[in-house]
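This is what each chain is made of:
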Amino acid sequence: MFCDTQLKVNALPRPFVLCGPSGVGKSTLIKKMMVEFGDILEFSVSHTTRAPRTGEVDGIDYFFTTKSEMERSISNGEFIEHAVFSGNIYGTSKMAVEKVQELGKICVLDIERQGVMQIKKTDLNPHLIFIKPPSMEELKNRLISRGTETEELLKKRLSVAEEEIDFGEIPGNFHKIIVNDDIHKAYSELKEYLLTQIQDVRKNRAQMNGC
Ligand SMILES: Nc1ncnc2c1ncn2[C@@H]1O[C@H](COP(=O)(O)OP(=O)(O)OP(=O)(O)O)[C@@H](O)[C@H]1O
């Protein structure tokens, strides 16, 4: 039987990246994916420079690190994306994605344009999916009805959204573009794309269990 480590290396599940403007429905789609395929999909653990809160476990809730260490890793290109909130740095590292792959799971990432550019430079070979709104008007309505945005933030999000859609439509930037008009239709398109990958992971797991 073919049971060497090469099989494991070749079979590392490819990460699954969702990108699209704020309010387009990425979290909604990811939640549905997690409910249906929770045994195969996993989020990566983020790094943070903030102190752990009571009960938080390093490597489970976050990878807790220092500002200098995180800045060094960021400048070494070890992070797919990072951002500063309330003076603390948060980010997704390549290592965190690899940890999910090593568990034989598909790492699901919801990242912005910069993150997409960055992950493309790695050897993670992700599936890149762009979620597009049916129209700017509908995107605006969703953001308003979600009730999470101030007037100013709404304007900012919508102007960035136009640039993000342009980026999403550039040939070669994504493997698939899904228009989230009807959520059930969008999810079934996403699922159809994901299923081939899930079947491969299941097949590989069965093979590994036989080793
Ligand atoms: N196809 C759809 N039709 C109508 N409403 C939708 C659809 N998909 C998502 N929504 C709603 O639109 C709002 C925004 O969705 P969601 O929060 O999933 O967006 P997001 O892309 O994850 O945004 P962010 O990047 O800001 O986190 C939510 O209130 C959600 O219920």
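Residues numbered from 1 in each chain as written. Predicted model: local features only at pLDDT ≥ 70, side-chain atom pairs only at ≥ 80, totals over all residues. Heavy atoms only, no water.

Digging into the overall build of the chain
Here is the rule: Helix and strand labels come from DSSP, where a helix needs a run of H or I of at least four residues and a strand needs a run of E of at least two; each type is numbered from the N terminus. Two things to know: the radius of gyration comes from C-alpha atoms, and the globule rule equals 2.2 Å times the number of residues to the power 0.38. Burial classification: accessible surface area is computed with a 1.4 Å probe over protein chains only, and a residue below 20% of its type maximum counts as buried, one above 50% as exposed, and the rest as partly exposed. The contact criterion used throughout is that any non-hydrogen atoms of two residues lie within 4.5 Å. Only the protein chains shown count as cover for residues, and the accessible areas themselves come from Shrake-Rupley with a 1.4 Å probe. Note on charges: Lys and Arg go in the positive column, Asp and Glu in the negative column, and His and the chain ends are not counted at all. Note on charges: their place is set at NZ of Lys, CZ of Arg, CG of Asp or CD of Glu.
Helix and strand counts for the chain come out as eight helices and nine strands. Taken over the C-alpha trace, the chain has a radius of gyration of 18 Å; the compact-globule value for 211 residues is 17 Å, and the two agree within 12%. With respect to the three principal axes, the spread of C-alpha positions in the chain is 60 × 45 × 35 Å. Within the chain, the fraction of its 211 residues that count as buried is 41%. Partitioning the intrachain contacts of the chain with sequence separation of at least 6 by distance along the chain shows that 68% fall at a separation of at least 24. When the accessible surface of the chain is summed, it comes to about 11800 Å², and 52% of that surface belongs to carbon and sulfur atoms. Averaging the locations of the 28 positively and 31 negatively charged side chains of the chain gives two centres separated by 2 Å.

Quick word on helix H2 (residues 26–37)
Our working rule: How far a helix is expected to stretch is found by multiplying one less than its residue total by 1.5 Å. What the arc describes is the spread of directions from the helix axis to the C-beta atoms.
Between its first and last C-alpha atoms H2 spans 16 Å; for 12 residues at 1.5 Å apiece the expected length is 16 Å, and the two agree. Where H2 is concerned, the buried positions are Lys26, Leu29, Ile30, Met33, Met34 and Phe37. The buried residues of H2 occupy an angular sector of 140 degrees when projected down its axis, which confines them to one face. In H2, those exposed residues whose orientation departs by more than 90 degrees from the buried face are Lys31 and Val35. Tucked inside the fold, the buried residues of H2 contact strand S1 (16–19), strand S2 (41–43), strand S7 (106–110), strand S8 (127–132) and helix H8 (183–209).

Regarding the UniProt feature "domain: Guanylate kinase-like" (unreviewed entry) in the chain
For clarity, the cut-off: UniProt positions are given in the numbering used here, feature names are shortened, and annotations may be inferred rather than shown by experiment.
Those places that UniProt annotates as "domain: Guanylate kinase-like" (unreviewed entry) correspond, in this numbering, to residues 13–195. Here residues 13–195 runs as 44% helix and 21% strand, with 13 Å between its end C-alpha atoms.

Concerning the side chain of Thr48
Heads up, the condition is: Any N or O atom pair separated by 3.5 Å or less is treated as a polar contact, with the protein-specific requirement of one donor-capable and one acceptor-capable atom, and with residues adjacent in sequence counted only for side-chain atom pairs.
Turning to its location among the elements, Thr48 is positioned in strand S3 (residues 47–48). At a separation of 3.4 Å, a polar atom in the side chain of Thr48 contacts the main-chain carbonyl oxygen of Ile89. Not counting residues within four places of it along the chain, the set of residues in contact with Thr48 comprises Tyr62, Phe63, Phe64, Thr65, Met70, Ile89 and Tyr90.

Things to note about unusual backbone geometry
One can expect most non-glycine residues to show negative phi and most peptide bonds to be in trans. A positive phi angle, near 45 degrees, is found at Ser86, a position not held by glycine. By the element assignment, Ser86 lies in the loop between strand S5 (79–85) and strand S6 (88–93). When its relative accessible area of 77% is taken as the criterion, Ser86 is described as exposed. Residues other than glycine seldom take positive phi values, yet Asn125 does so here, at roughly 50 degrees. Along the polypeptide, Asn125 turns up in the loop between helix H5 (113–120) and S8. Owing to a relative accessible area of 45%, Asn125 belongs among the partly exposed residues under this scheme.

Looking at the environment of Asp110
Here Asp110 lies in strand S7. C-alpha of Asp110 to C-alpha of Cys19: the two residues are 91 residues apart in sequence and 5.9 Å apart in space. Excluding residues that lie within four positions of it along the chain, Asp110 makes contacts with Leu18, Lys26, Ser27, Ile30 and Glu81.

A word on the pairing of S6
This is how the line gets drawn: Two strands are counted as paired when DSSP detects at least two bridges linking them.
In terms of residue burial, S6 counts as a mostly covered element, since five of its six residues are buried. Two strands pair when backbone bridges link them, and S3 and S6 are joined in this way by two bridges, in the antiparallel orientation. Paired with His47 across the bridge in S6 is Gly91. Where S5 lies against S6, six bridges are found, and the strand directions are antiparallel. Directly across from Ala83, in S6, lies its bridge partner Tyr90.

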